[in-house]
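Notes for the structure review
In case you want the letters, here they are:
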Amino acid sequence: MTNPAPRPLPALAAAVTVVLWASAFVAIRSAGDSYSPGALALGRLLSGSLALGLLCLVRREGLPPRSAWRGIGISGVLWFGFYMVALNWGEQRVDAGTAALVVNVGPLLIALLGARLLGDPMPPRLLAGMAVSFAGAVTVGLSMAGGGGSSVLGVVLCLLAAVAYAAGVVSQKPALARASALQVTTYGCLVGTVACLPFTGQLVHQVADAPLSATLDMVYLGVFPTALAFTTWAYALARTTASRMGATTYAVPALVVLMSWLALGEVPGPVTLVGGALCLAGVAVSRSRARARTRAPRSAPAAGEPHSEQVP
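Since we're looking at a predicted model, the values are computed, not measured. Residue positions are given per chain, counting from 1 as you read along its sequence in written order. Since the coordinates come from a predicted model, pLDDT governs what is reported: local features require at least 70, and pairs of side-chain atoms require 80 or more to be given and counted, while whole-chain, interface and lining totals use all residues. Hydrogens and water molecules were not included; the side-chain quantities draw on all heavy atoms of the structure.

1. Overview of the overall build of the protein
The condition that has to hold: Labels follow the DSSP assignment, with helices taken as runs of H or I lasting at least four residues and strands as runs of E lasting at least two, numbered in each case from the N terminus. The cut-offs for exposure are 20% and 50% of the maximum accessible area for each residue type, with area from a 1.4 Å probe on protein chains only; residues under the lower value are buried, those over the upper are exposed, and the others partly exposed. Only heavy atoms matter for contacts: two residues are in contact if any of them lie within 4.5 Å across the pair. Only the protein chains shown count as cover for residues, and the accessible areas themselves come from Shrake-Rupley with a 1.4 Å probe.
Along the backbone of the protein there are 13 helices and 0 strands. Buried residues in the protein amount to 50% of all 312 residues. For the protein, the share of sequence-separated contacts (at least 6 apart) that also reach a separation of at least 24 residues comes to 92%. In the structure as shown, the protein presents an accessible area of about 13,900 Å², 68% of it carried by carbon and sulfur atoms.

2. Some words on the environment of G168
Counting through the fold element by element, G168 comes out in helix α7 (residues 152-175). Note: C-alpha distance between G168 and V77 (91 residues apart in sequence) is 8.2 Å.

3. Quick word on a nonpolar patch on the surface
Short version of the rule: Patches draw on residues past 30% relative accessible area with no salt bridge. Two like charges within 9 Å are joined, as are two nonpolar side chains (Val, Leu, Ile, Met, Phe, Trp, Tyr) within 5 Å. By definition, a salt bridge exists where a carboxyl oxygen of Asp or Glu is found within 4 Å of a side-chain nitrogen of Lys or Arg.
Nonpolar side chains collect at one region of the surface, where F82, V152, V156 and L160 lie side by side and expose about 360 Å² of accessible area between them. Residue contributions to the nonpolar patch peak at 3 residues, all from α7. As for its placement among the helices and strands, V152 is situated in helix α7. According to the relative accessible area criterion, V152 is exposed, its value standing at 68%.

4. With respect to the environment of P37
Relative to the assigned elements, P37 resides in helix α2 (residues 37-59). For P37 and V85, which are 48 residues apart along the polypeptide, the C-alpha to C-alpha distance reads 5.3 Å. If near-sequence neighbours (up to four positions away) are discounted, P37 is found in contact with V85, N88, W89 and Q92.

5. Observations regarding the environment of L40
Inspection of the secondary structure assignment puts L40 in helix α2. Relative accessible area serves as the criterion here: at 2%, L40 is assigned to the buried category. Sequence spacing of L40 and G222 is 182 residues, and the spatial spacing of their C-alpha atoms is 9.8 Å. Other than its neighbours up to four places away in sequence, L40 contacts I28, A31, G32, Y35, N88, M218 and L221.

6. A closer look at the confidence of the model for the protein
Worth spelling out the cut-off: pLDDT gives the predictor's per-residue confidence on a scale running from 0 to 100.
Confidence in the prediction of the protein, expressed as mean pLDDT, is 80, and 76% of residues score 70 or more. Low confidence marks residues 290-312, where pLDDT is under 50. Its contacts with residues over four positions away, or in another chain, come to 28 contacts.

7. Re helix α3 (residues 69-91)
Note the cut-off: Helices are assigned an expected span. That span is 1.5 Å times one less than the residue count. Note on bend: the value at a residue is the angle between axes fitted to the seven residues ending there and to the seven starting there.
When the terminal C-alpha atoms of α3 are compared, their 31 Å separation across 23 residues agrees well with the 33 Å that a helix rising 1.5 Å per residue should span. When the local axis directions of α3 are compared, the greatest deviation, roughly 35°, occurs at Y83.

8. So, the side chain of S171
Heads up, the condition is: Contacts described as polar in this section are N or O atom pairs within 3.5 Å, which, within protein, must combine one atom able to donate a hydrogen with one able to accept it, while residues neighboring in sequence count only if both atoms come from side chains.
Along the chain, S171 falls in helix α7. Judged by its relative accessible area of 15%, S171 is buried. Of note is the side chain of S171, whose polar atom sits 2.8 Å from the backbone oxygen of A167. What S171 contacts, discounting residues up to four positions off in sequence, is G71, I74 and S75.

9. Some thoughts on the side chain of S49
Relative to the assigned elements, S49 resides in helix α2. The buried category is assigned to S49, whose relative accessible area is 10%. Sequence-distant contacts of S49, that is, excluding residues within four places in its chain, are made with C189, L190 and T193.

10. Some remarks on the nonpolar core
Put simply, the rule reads: By convention a nonpolar core is built from buried Ala, Val, Leu, Ile, Met, Phe, Trp, Tyr and Cys residues, the set being connected through side-chain atoms within 4.5 Å.
Y35, W79, Y83, V169 and W233 are the most contacted members of the largest nonpolar core, which totals 67 residues. Looking at this core element by element, the count peaks at 12 residues for helix α1 (residues 8-31). With near-sequence residues (within four places) excluded, V169 lies in contact with W79, I110, W233, L237 and A242.

Structure follows, in C-alpha cells:
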C-alpha cells in the first residue's frame, strides 16, 4: 500500500516564503531610516534566533549532526549574515526597483552553481522560465529606476548580496539531507547572529532613539521573513532542486510591486505591471515540466531521477 506524498505542502511552503520575502523589501526600507545596515541585520537575526530557539524547544529538536554543520556554517555566514548586511546597505543607496533587479541575479547564479556543484538538472523549461522571469525582473527594475537615485556602490552591494544568497542556498542544500529544515534554519540563523555581533554597539545606541514603528519593522523582519520564511524555504528546498527553488523566487519582484502599491501608495505604471506579469509567467513555465512529470506512471521512473525532487 502506498502513502501519497503531501505535494501541496512544499508548494504552500514555497508560497509562504515568496510572500514574506517580498514583504521584507518594504520593511527594510521603512526600518532603514532609523537603523544602520549592520544594526538592522543584527536586530533582525536576534529576533529570528529567539523565535526559532523557542520553536526548537517546543519541538525538542536536538543539535544537527556533525555532517550538516559545514553547510549550516557557510550558509549562516554568507546568507544570514553577509547577505542581510549587504542588502540593507544597498537598499539605502538604490531604489527598490534597482535593488530587486540586481538581487534577482541570484536565481541565475543558483542554477549555475547548482548544476556545477550539486549536479542539478537544467531542463529546457526551467531555463526558459528563468529567462522569462529575468526579463520581467529587468522590466520591473528599469520601470522603477526613473528617479536617478541609484549609486554604483548601491548596485555593487546588491550584487554582492545576490552572490551571497546564491552561495548560501547551494551550501544549505546538502545540509538538508542530514538535518531537518528547522535545525538548518535555526543554527544558520545563530551563526549569522554571531557573525553580526560586531554591530552590537550600533544596535544598542540606535534602538534607544528609533521610533517604535521602525523597531517593530525590525522584529517583524526577524520573526516572519527570517524565522518563518527561511524555515519554509528549507522545507521546500529539501524536496526539490536548488535551481527550481531559485526560479520560484522570481515571483518576489511582482509581489514587491503590489505591496509597495498597497503599503506605500506607490502606484505602478503599465510597464511595471507587464514586468510583474512576466515574473509570474516565468515561474509558471519553470514549474510546468514537474507537474507533467507527476502524471507519469510511478512504475517506470526515469533512470537517475530521484523521487524526492518535487517542485514546490
